[in-house]
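In case you want the letters, here they are:
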Amino acid sequence: MKRLINPGKEQWLILSQRPQFKAEQIRTQVQDIMAKVAVEGDAALYEYSRLFDNYQGDLKLSERELKEASSLVAEPLKAAIQLAYRNIYSFHQAQQRNSEKIETSLGVNCWRESRPIEKVGLYIPGGSAPLFSTVLMLGIPAQIAAVPQKVLCSPADRNGNLNPAIIYTAQLCGITEIYKLGGAQAIAALSFGTETIPRVDKLFGPGNAYVTAAKQEALNFGLAIDMPAGPSEVLVIADAHAKPAFVAADLLSQAEHGPDSQVVLCTNSPELIEAVSLEIKAQLQNLSRASIAQKALENSLAISFDYLSDCIAFSNIYAPEHLIINCLEAKSLLPEIQNAGSVFVGPYSAESIGDYASGTNHTLPTAAYARSYSGLSLDSFQKQISFQEVSAEGLRNIGPAVALMAAAEELSAHKSAVDIRLESLRTAKDGI
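The shown structure was predicted, so the numbers you read here are calculated from the model rather than taken from an experiment.

Turning next to unusual backbone geometry. The residue Asn6 is not glycine, and still its phi comes out positive at about 45°. Residue position: Asn6 is located in the loop between β1 (2-5) and α1 (12-15). The backbone of Asn54 sits at a positive phi, close to 55°, despite the residue not being glycine. Residue position: Asn54 is located in the loop between α3 (42-53) and α4 (63-69). When its relative accessible area of 57% is taken as the criterion, Asn54 is described as exposed.

See below:
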């Protein structure tokens, strides 16, 4: 990790830039893939599956594979998934809103009602790390929202299989339309539809740089996406009271996602940086993905500031996907947090807890998009439709003002739509 001491504020934006890996080249490749899938459909998908995943079988998961999945998942893991399911379900169910009518003027009632998005595409990374936890994060709010059609895509492994935990978790969330397809080609298939895979209305799920670029490209074809969600990242704010082993473990938990991940440590204790560095070296020896984590660390930062207030201020500029506050008085700092995808408070709130089972959603904005985007929620799977009902009395109360405003904007048809109704009321009142 690159070490910095009290960098000036004029450097903060530059320091907040994430690693870029051949972004323009990736965009061009993704555009080519999207165009080919749009024209050739399934034929292109089979070609890309052979090329990128060394898979040549059927795209759709068979009934046999659906039925067998549960028996292939160990009972302790099933119990852990079910615990996470309950917590995530409870947290997202609480986000449901009751429709309340508001009488804005006498006789004018307005309200909103939720409707589920009709068709959603759920992308689940499944290569070197089959993220069945992401199935929970996408599937549960979709289930609560009562989305009619949930289409899941995840790449097959080297043997042509999907991880049974992904399949088991999907069924737990009421998802049975599952396809063995990954990468930009999966996003393309969901964007355009093919002979086998249906077109959806909105895309969800994290992925590598190709998946992220494909989701951004899908916006040009009338689809919505959950958020820009690229390589994972964490920023840890820690003081002298933090245990170096805890901090190192949190940094490594994000670094192991991929070489393009980034981790940042901000502290008012220079001594902590040295202690954490030693812990990182020690803990790396025991990690199965040590080489990946090591590459991510090469693009990561450890920053020492004189004051915790500067750590908070830098974090708000950086706008991390995950923010861990491992300080003695962590709760007192929370009002100052303006930009973050998800915040973990105190020494025992490991980011891994939020990734799996606390109940919050781990699909979060990255690359500083936390300045303007929220993490995934129940609302992400719903549309809010506004309604209004205007009585005769309501029209009398606000109609003249509306007609006046329409005339001022020189929209005579708008004015007429109100005037003709007001005249009708006057005629009825006068008995004409």
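Before going further, it helps to examine the packing of helix α5 (residues 75-93) against helix α6 (residues 132-144). Closest axis-to-axis distance for the α5/α6 pair is 10 Å, and the angle between their directions is 40°. Comparing the axis directions of α5 and α6 gives the class oblique. You can see that α5 and α6 cross each other, and the crossing is right-handed. Residue-level contacts link Leu77, Ile81, Ala84, Tyr85, Ile88, Tyr89, His92 and Gln93 of α5 to Phe132, Leu136, Met137, Ile140, Pro141, Gln143 and Ile144 of α6. Residues of the contact of α5 with α6, tallied by class, amount to 12 nonpolar, 3 polar and no charged.

Among the nonpolar cores identified, the biggest contains 38 residues, and Leu136, Ile178 and Phe381 are the most heavily contacted of them. Of all elements in the fold, only α4, α5, β4 (119-123), α6 and α7 (164-172) reach the threshold of two or more residues within this core.

Turning our attention to the sheet that holds strand β10 (residues 262-267). In a beta sheet, neighbouring strands pair by backbone hydrogen bonds and run either parallel or antiparallel. Taken in spatial order, the 6 strands line up as β1-β11-β10-β9-β12-β13 in an open sheet, and their pairing is parallel. Every other strand in the sheet has two partners, leaving β1 and β13 (342-345) as the edge strands with one partner each. For this sheet, the mean inter-axis angle between neighbouring strands, taken without regard to orientation, is 15°. Taken together, the 4 bridges between β10 and strand β11 (residues 301-304) define a ladder with parallel strand orientation. Bridging across to β11, Val264 finds its partner in Leu301. In the packing of helix α13 (residues 308-318) onto the sheet, the strands contacted are β9 (233-238), β10, β11 and β12 (322-326), and the crossing angle to β9 comes to about 165°.

Side chains that carry opposite charge are capable of pairing whenever their charged atoms lie near each other. For the structure shown, the criterion picks out 13 salt bridges. For Arg27, the salt bridge goes to Glu24, with nearest N and O atoms at 2.4 Å. Taken together, the positions of Arg27 and Glu24, both in helix α2 (residues 23-40) and 3 residues apart, correspond to about one turn of that helix. We classify Arg27 as partly exposed; its relative accessible area is 37%. The network of salt bridges with common partners includes Lys36, Glu40 and Glu47.

A few words now on the sheet that holds strand β8 (residues 224-225). With respect to topology, 5 strands assemble into an open sheet ordered β6-β5-β4-β7-β8, the strand pairing being parallel. The open sheet terminates on both sides in strands that have one partner only, identified here as β6 (177-180) and β8. Both strand β7 (residues 202-204) and β8 contribute to a ladder of 2 bridges, which runs parallel. Opposite Leu203, over in β8, you have Ile225 as the bridge partner. α6 rests against β4, β5 (149-154) and β7 of the sheet, and its axis sits at about 170° to β4. Across the sheet, helix α8 (residues 183-192) is in contact with β4, β5 and β7; its angle to β4 comes to roughly 175°.

What follows deals with the side chain of Glu351. Within the secondary structure, Glu351 sits in helix α15 (residues 351-356). Among buried Asp, Glu, Lys and Arg side chains, Glu351 stands out as unpaired, with Arg289 the closest opposite charge at 12 Å. A distance of 2.4 Å separates a polar atom in the side chain of Glu351 from a polar atom in the side chain of Gln254. Not counting the four nearest positions on each side in its chain, Glu351 is found in contact with Asp250, Ser253, Gln254, His322, Ile324 and Phe344.

Let's shift gears to the pairing of strand β2 (residues 102-105). Pairing between β2 and strand β3 (residues 108-116): 3 bridges, direction antiparallel. Bridge pairing in β3 links Glu103 to Asn109. Between the antiparallel neighbours β2 and β3 lie 2 residues, among them Gly107 with a positive phi of about 85°.

So, about the packing of aromatic side chains. Summed over the entire model, instances satisfying the criterion amount to 11 aromatic pairs. Residues Phe204 and Phe381 carry aromatic rings whose centres are separated by 4.0 Å and whose planes lie at 5° to one another, so their mutual orientation is stacked. Of this pair, Phe204 sits in strand β7 while Phe381 is found in the loop between α15 and β14 (382-390), placing the two residues 177 residues apart along the sequence. Residue classification places Phe381 among the buried positions, given a relative accessible area of 0%. An aromatic cluster is defined as three or more aromatic residues linked by ring pairs; in this entry it consists of Trp12, Phe305, Phe314 and Tyr318. Across the ring face of Trp111, the terminal group of Lys101 is positioned such that the distance to the ring centre comes to 4.3 Å.

Scoring rules and cut-offs
Throughout, a residue's number is its position along its own chain's written sequence, starting from 1. Local features in this predicted model are restricted to residues of pLDDT 70 or higher, and side-chain atom pairs are both shown and tallied only at a pLDDT of 80 or more, whereas totals for entire chains, interfaces and linings draw on every residue. Here the side-chain values reflect all heavy atoms present in the structure, with hydrogen atoms and water set aside. Only runs of H or I of at least four residues qualify as helices and only runs of E of at least two qualify as strands under DSSP, and these elements are numbered from the N terminus. Exposure classes here rest on a 1.4 Å probe applied to the protein chains alone. A residue is buried below 20% of its type maximum, exposed above 50%, and partly exposed in between. Lines fitted to the C-alpha atoms define the axes, with helices restricted to the stretch that makes contact. Angles between their N-to-C directions range from 0 to 180 degrees. Each angle receives one of four descriptions, namely roughly parallel if under 35 degrees, roughly antiparallel if over 145, roughly perpendicular if within 65 to 115, and oblique otherwise. If you view the pair so one helix is near and one far, a crossing is left-handed when the near helix is turned anticlockwise from the far one by less than a right angle, and right-handed when it is turned clockwise. Whether two residues are in contact is decided by their heavy atoms: any pair within 4.5 Å suffices. Polarity classes work like this: nonpolar for Ala, Val, Leu, Ile, Met, Phe, Trp, Tyr, Cys and Pro, charged for Asp, Glu, Lys and Arg, and polar for all others, with Gly in that last group. Here the nonpolar core consists of buried residues drawn from Ala, Val, Leu, Ile, Met, Phe, Trp, Tyr and Cys, with membership extended through side-chain atoms lying within 4.5 Å. At least two bridges found by DSSP between two strands are what make those strands a pair. By definition here, a salt bridge exists when the distance from a side-chain nitrogen of Lys or Arg to a carboxyl oxygen of Asp or Glu is within 4 Å. We treat Lys and Arg as the positive residues and Asp and Glu as the negative residues; His and chain ends play no part in the count. We call two N or O atoms a polar contact when they sit within 3.5 Å, provided that within protein one can donate a hydrogen and the other can accept it, with sequence-adjacent residues counted only if both atoms are side-chain atoms. Any two of the Phe, Tyr and Trp rings considered here, Trp counted by its six-membered ring, make a pair once their centres fall within 6.5 Å; the pair's planes then place it as stacked at under 30 degrees, edge-to-face at over 60, or tilted in between. Charge-over-ring placement is defined geometrically: NZ (Lys) or CZ (Arg) within 6 Å of the ring centre, and within 35 degrees of the ring normal.

Purely spatial values, then, with no claim about function.
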